[in-house]
Structures are given as structure tokens and as C-alpha cells.
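# What the coordinates show
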Amino acid sequence: MPGLYPVTFGEIELLRDLDRQDGWVLSKDGVPQSYVDLQDPTFLEFEYVRLMADVIDLLPDGPLSCVHVGGGACTIPRYISATRRDSRHIVIEPDGLLVNLVREQLDLRSVPKLKVIVEGGREGTAKIWDASADLVVLDAFTGATMPVELATTEYMGDLARVLRPSGTLLINMADGKGLAFARRLLATVTRTFGHVALLAEPGIMRGRRFGNLIVAASRTALPVDLMTRRAAGGLTQARCVYGEALTKFIAGAAPIKDGDPVLAPVPPPAVFG
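Residues numbered from 1 in each chain as written. Predicted model: local features only at pLDDT ≥ 70, side-chain atom pairs only at ≥ 80, totals over all residues. Heavy atoms only, no water.

### Notes on the environment of leucine 15
Short version of the rule: Each helix is a run of DSSP H or I of at least 4 residues and each strand a run of E of at least 2, with the numbering of both proceeding from the N terminus. We call two residues in contact when some of their heavy atoms are within 4.5 Å.
Within the secondary structure, leucine 15 is located in strand β2 (residues 10–16). Linking leucine 15 and leucine 51, residues 36 residues apart in sequence, is a C-alpha distance of 23 Å. With sequence-adjacent residues up to four places away left out, leucine 15 is seen in contact with Gly23, Trp24, Val25 and Ser27.

Below is the structure:
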């Protein structure tokens, strides 16, 4: 099972976690993309995934109707299905061979009520019904880079269309020194959603090192006090920025529109070296 596997867009490496018998890392071009524990889907190895799970745990009790843009090993769908029985998932993933690999080698069939649409993010989202999702998770990367076409005002509008009025959007992005891309993406999200928060480890939030930042957005109020306490009390001891502090963080950054010449940041070689 460990080894290199050809997929539609390159090659995937499956690596066993030597510390956990059923833990697996899915890696592409030397960049870890997903981690799953096949026997304990509530175990989340990556810090940014734990931050997303903290937000998800604060959503109203009961099953969720979820759309996931970006599949990988489907860590978050597995987590939600384990913590909220009867949740439903639509996963949009452009790499059909990757989907087959995860089905066969990482037991994706064990996740109930999960459907995969093999399409790009925008094309797949266009097929989702209006106001059908309680939660949309945008976690799509080409290697270590977020596709800019998934960071535009136009696409945020389509994600808002898919969400129910009280639904929540979670975005995983990555940025480094200066956080210029993060500021522009936040400016884009706040154009569409009235309630937005940003979560990250303090060193990343200050732009001191490259890493993942999580955006939570909704058209209704977010539980920002609880999110702040959860973030600060977790293993990552992350910060949660919202309200006036988020307005200062954005500080005049322009929203991203289709066709804008924007380059998503690429991590320094040492990040995954």
C-alpha cells in the first residue's frame, strides 16, 4: 500500500505514519496534502484541519449537508461523519484517478452518504443546487498553491448561492511574509459575507512564516467568542481575528475579480524540505 501512484495530474505518494498504525499521509510533489487515520477519523494531524474542525464543532447540533471543494483523502468528510451521524457530503475533486486511489487504498467507501463530482471547483459548484448546504469547505490546492480562480468575487458569489442563509463557509489558504494574498482574499470574502473571521497560529497571522490560515464566513453571526476560546485553548494556540481588527487587517486591499493578474503565494523550499 505505501508507495507512488500515478493520478490524472501527476503522482501521489502514500506514506504510513510510523507513530499510528492506521495513519496515512497523502503527498504530492513532496507536499503533504492530507492525513487520515482509518480507524479514528476524529484524529486530525494537521493544525489547520484542527482549526476547521473547531469551527465545525460550534455549528448547531445535528447532521450537516456539506459541500467540499477539493477532495484529497477526504479528511473533513470523515471527521464530520464520525462526529455528526447522517451528515451528507458532496466532494468536488478534479482528479478522478486520485478519487479511485482514495476509494481503494484509504477506504473512502466507508464514509456514508458521500458523493464525488469529478470536476474542477467552479464547474462542480455550478452543478450544486441553490441553498442546499449548511457548510461549504473550500480546501483546494495545486501542490501548495491555491488556484486563484477559486478566490474571486465571482466564485464567492456562487458559493453563497449554494449555502443556506445561515450556512457557513470555511476556506483554507496559505500565505507568507506580508500576507498580501490573504488580505486580498479577505477583502473578497467580506464583499459577499457580512460575518467573517480569520484563524491562524500567531506567527503565521503576523506574516513571520509561511503557513495556513482559515477563513470562516457566513451571512449570519458567527460564534466568534467561542471560536476565539477554542483557537486559543487548542494545541495550535491560534488567534481569531474579526470585526474592527479584521477591517484593519484588510486595510484597503482590493477584492480579487475574475481576470485579475493575481499570483497565489508559493511556499519557500524549506517549508516542506
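Back to the text.
### Considering the packing of aromatic side chains
Applied cut-off: For Phe, Tyr and Trp, where Trp contributes only its six-membered ring, two rings pair if their centres lie within 6.5 Å, and the inter-plane angle classes them as stacked under 30 degrees, edge-to-face over 60, or tilted in between. Exposure classes here rest on a 1.4 Å probe applied to the protein chains alone. A residue is buried below 20% of its type maximum, exposed above 50%, and partly exposed in between. Placement of a positive charge over a ring is assigned whenever Lys NZ or Arg CZ falls within 6 Å of the ring centre and within 35 degrees of the normal to the ring plane.
A complete count under the given rule lists three aromatic pairs for this structure. A centroid spacing of 6.0 Å and a plane angle of 25 degrees characterise the contact between phenylalanine 46 and tyrosine 48, whose relative ring orientation is stacked. For phenylalanine 46, a relative accessible area of 18% corresponds to the buried category. Members of the aromatic cluster, each reached through a chain of ring pairs, are Tyr35, Phe43, Phe46 and Tyr48. The aromatic ring of phenylalanine 43 is capped on one face by arginine 20, whose charged end is 3.5 Å from the ring centroid. Lying across the ring of phenylalanine 249, arginine 183 places its NZ or CZ 4.4 Å from the centre.

### Examining the pattern of salt bridges
Put simply, the test is: Take a side-chain nitrogen of Lys or Arg and a carboxyl oxygen of Asp or Glu: if they are within 4 Å of each other, that pair is a salt bridge.
Under the criterion given, the structure shown has 13 salt bridges. Aspartate 54 is the partner of arginine 230 in a salt bridge, and the nearest nitrogen-oxygen pair spans 3.7 Å. Residue arginine 230 is located in helix α8 (residues 224–233), and its partner aspartate 54 is located in helix α1 (residues 47–57); the two are separated by 176 residues in the primary sequence. Of the residues examined, arginine 230 reaches a relative accessible area of 34% and is grouped as partly exposed. As a salt-bridge pair, glutamate 119 and lysine 127 come within 2.4 Å of each other at their nearest N and O atoms.

### A closer look at the sheet that holds β2
Going by this rule: When DSSP locates at least two bridges between a pair of strands, those strands are taken to pair. Only the stretch in contact is used when fitting a helix axis, every axis being a line fitted to C-alpha atoms; angles between N-to-C directions are given from 0 to 180 degrees.
As summarised here, the arrangement of the four strands in space is β1-β2-β3-β4, forming an open sheet in which the pairing is antiparallel. Strands at the two margins of the open sheet, each flanked by one partner only, are β1 (3–7) and β4 (31–37). Within this sheet the neighbouring strands show an average axis-to-axis angle of 25 degrees, counted without direction. Sheet analysis places strand β3 (residues 23–28) next to β4, joined by six bridges and oriented antiparallel. The residue of β4 that forms the bridge with serine 27 is proline 32.

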